[in-house]
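Here is how the chains run, residue by residue.
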Amino acid sequence: MDPVLNPYSPGAGRRPAALVGRDGQRDGWDVALRRTEAGRGARSMVLYGLRGVGKTVLLAELAKQARDRAWVTAKFEAGSGKALRPSLGEALHGPLSDLARPGVGTRVLRALKTALSFKASYDTAGTWNFGLDLTGQPSGGADTGSIEADVSKLMRDVSAAAGEEGVGLALLVDEAQDLTSEELTALCAAIHLAGQDGWPLLVGLAGLPSLPRILAEAKSYSERLFEFEHIRELDEDLARSAVVEPAEAEDVAWEPDALALVIRETSGYPYFLQQLGQDTWNLAEGSPITLADARAGAERGRAALDTGFFRARWDRATRAEQRYLRAMAQDGDAGSQSGTVAERLGRKVTALGPVRASLIAKGLVYAPEHGVVAFTVPGMAAFVTRQSAENGA
């Protein structure tokens, strides 16, 4: 069939044609936005789960919901060697520039002055120009050197400016597990102050399954600041909708056996559904999509995942780290005891600590609980096993 009309689109953070199974989180966020606007307060949100389940897509939807209500909305991805200060500052620059217009109120002017001081805290050579004369304006002071104090000052003043416009400040952070403990502590402290003092502020964090534990370690009261939403694979009915609805929009049907095969092969993981859906569509000659089409599409889709989705992660690991991953793969995707992995490798747990820490830092594994490690990507254990068989390792 025509690949130009293909409704399936695997990609990092790319919204699928049918975003299914996430209505609860979207509705909850909408309620939080409305409650905050009404001055009633609401908890921020944490989205956590394995890679490929659609956390980034959902976080983008939360950002869109906030923007649609004219909120001051900033979104960025943590990690990649960039600290919280520049990430937060640069993410807020555009939304603050939109507020900077002649005749704005004193709270907006104060927020702009504070943002300039925050910019100076990480970039003394850089300058921003909001097009307004801020000489003599009060505030600033977000360059004390204390990240907790500076982030709280910035978020207080920007949310106050948003409140002057009748809305609030929405901050969305992807890959939040890559923030340092100090940075997470600063964010939690600001959210805590917002709740106490009634700032119109909501924060959405997305990250790996370890994120709730990391937040608890950063601030003991974090469980009271957030609504925690575990984003999982889609159940059979939702997975069916994710595949069928985009095809129906193009007047294309799936034979029941073909649909069942794709759902079984993907285990309901949204990214995998998009990949196999795309490949099956491109190989099918027309409607309805047959079981033979699905079998061929699944074979091509698995090959695409192996050479792209899985391979990209495998190649990031050193040889020592790959040996560790092979030892983990014997337990499948359920997770492995660190002691068991060490025993298989003939090493002490402490000696393998740096390897384990490096794999966690690279986002290849995570620690669901003390002494346990698991793959961040569903199906990674099977891929590693295949690699070992092919290479005779």
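Located above this text is the structure these notes cover.
Residues numbered from 1 in each chain as written. Predicted model: local features only at pLDDT ≥ 70, side-chain atom pairs only at ≥ 80, totals over all residues. Heavy atoms only, no water.

**Quick look at helix 3 (residues 84–99)**
What counts, and what does not: A run of H or I in DSSP becomes a helix once it reaches four residues, and a run of E becomes a strand once it reaches two; helices and strands are each numbered from the N terminus. A helix is expected to reach a length of 1.5 Å times the quantity of its residues less one. The quantity called bend is, for any residue, the angle between two axes fitted respectively to the seven residues ending at it and the seven beginning at it. Relative accessibility under 20% of the residue-type maximum defines a buried residue, over 50% an exposed one, and the middle range a partly exposed one, all with a 1.4 Å probe and only protein chains included.
Relative to the 22 Å expected for 16 residues at 1.5 Å per residue, helix 3 spans 23 Å between its end C-alpha atoms, a close match to the ideal helical length. His-93 marks the point of greatest bend in helix 3, at about 35°, and the proline Pro-95 comes within the next four residues. Among the residues making up helix 3, those that are buried are Leu-84, Arg-85, Pro-86, Ser-87, Leu-88, Gly-89, Ala-91, Leu-92, Pro-95, Leu-96 and Leu-99.

**Looking at the packing of aromatic side chains**
Using the following cut-off: Pairing of aromatic side chains here covers Phe, Tyr and the six-membered ring of Trp, requires ring centres within 6.5 Å, and sorts the geometry by plane angle: under 30 degrees stacked, over 60 edge-to-face, intermediate tilted. A ring is scored as having a charge over it whenever the NZ atom of a lysine or the CZ atom of an arginine sits within 6 Å of its centre and within 35 degrees of its normal.
The full count for this structure, using the stated rule, is twelve aromatic pairs. Between the aromatic rings of Phe-272 and Phe-310, the centroid separation amounts to 6.0 Å while the plane-to-plane angle is 55°, which identifies the pairing as tilted. Placement of the pair is Phe-272 in helix 10 (residues 270–283) and Phe-310 in helix 11 (residues 291–314), with a sequence separation of 38 residues. For Phe-272, a relative accessible area of 8% translates into the label buried. Ring centres 5.4 Å apart and planes at 15° place the aromatic pair Phe-310 and Phe-383 in the stacked group. Linking Phe-310 in helix 11 with Phe-383 in helix 15 (residues 380–391), this pair joins segments that are 73 residues apart in sequence. Its guanidinium or amino end placed over the ring of Phe-309, Arg-313 lies 4.5 Å from that ring's centre, counting from NZ or CZ.

**Regarding the side chain of Asp-150**
Formally: Pairs of N or O atoms are called polar contacts if they sit within 3.5 Å, as long as, within protein, a hydrogen donor faces a hydrogen acceptor (for residues adjacent in sequence, only side-chain-to-side-chain pairs). Contacts were defined at the residue level, with two residues in contact if any of their heavy atoms lie within 4.5 Å.
By secondary structure assignment, the location of Asp-150 is in helix 5 (residues 147–164). Classification of Asp-150 as buried rests on a relative accessible area of 0%. At 2.7 Å, the side chain of Asp-150 and the side chain of Thr-144 are in polar contact. Sequence-distant contacts of Asp-150, that is, excluding residues within four places in its chain, are made with Arg-85, Phe-118, Ser-121, Gly-141, Ala-142, Asp-143, Thr-144 and Gly-145.

**With respect to the environment of Ala-329**
Considering the arrangement of structural elements, one finds Ala-329 in helix 12 (residues 319–329). Along the backbone, Ala-329 and Phe-383 are 54 residues apart, and their C-alpha atoms lie at a distance of 8.6 Å. Every residue in contact with Ala-329, bar those within four places of it in the chain, is listed here: Phe-375, Ala-381, Val-384 and Thr-385.

**Points about the nonpolar core**
Quick reminder of the rule: Definition of nonpolar core: a set of buried residues of the types Ala, Val, Leu, Ile, Met, Phe, Trp, Tyr and Cys, connected through side-chain atoms within 4.5 Å.
One finds Val-151 and Leu-205 to be the most contacted residues of the largest nonpolar core, which totals 125 residues. No other element matches the eight residues that helix 6 (residues 181–197) contributes to this core. Discounting chain neighbours no more than four positions away, the residues touching Val-151 are Leu-84, Leu-88, Phe-118, Ala-186, Leu-187 and Ala-190.

**Section: the sheet that holds strand 1 (residues 44–48)**
Put simply, the test is: Being paired, for any two strands, means DSSP has found at least two bridges between them. Between N-to-C directions, angles cover 0 to 180 degrees, with each direction set by a line fitted to C-alpha atoms, over the stretch in contact for helices.
Pairing in this open sheet of five strands is parallel, and the strands run 2-3-4-1-5 from one edge to the other. Looking at the sheet topology across the chains shown, the edges are occupied by strand 2 (72–77) and strand 5 (226–230). With direction set aside, neighbouring strand axes in the sheet form an average angle of 10°. Pairing geometry for strand 1 and strand 4 (residues 201–207), over four bridges, is parallel. Counted as the bridge partner of Met-45 is Gly-204 from strand 4. Against the sheet, helix 3 touches strand 2 and strand 3 (169–174), its axis set at about 150° to strand 2. In the packing of helix 7 (residues 211–218) onto the sheet, the strands contacted are strand 1, strand 4 and strand 5, and the crossing angle to strand 1 comes to about 135°.

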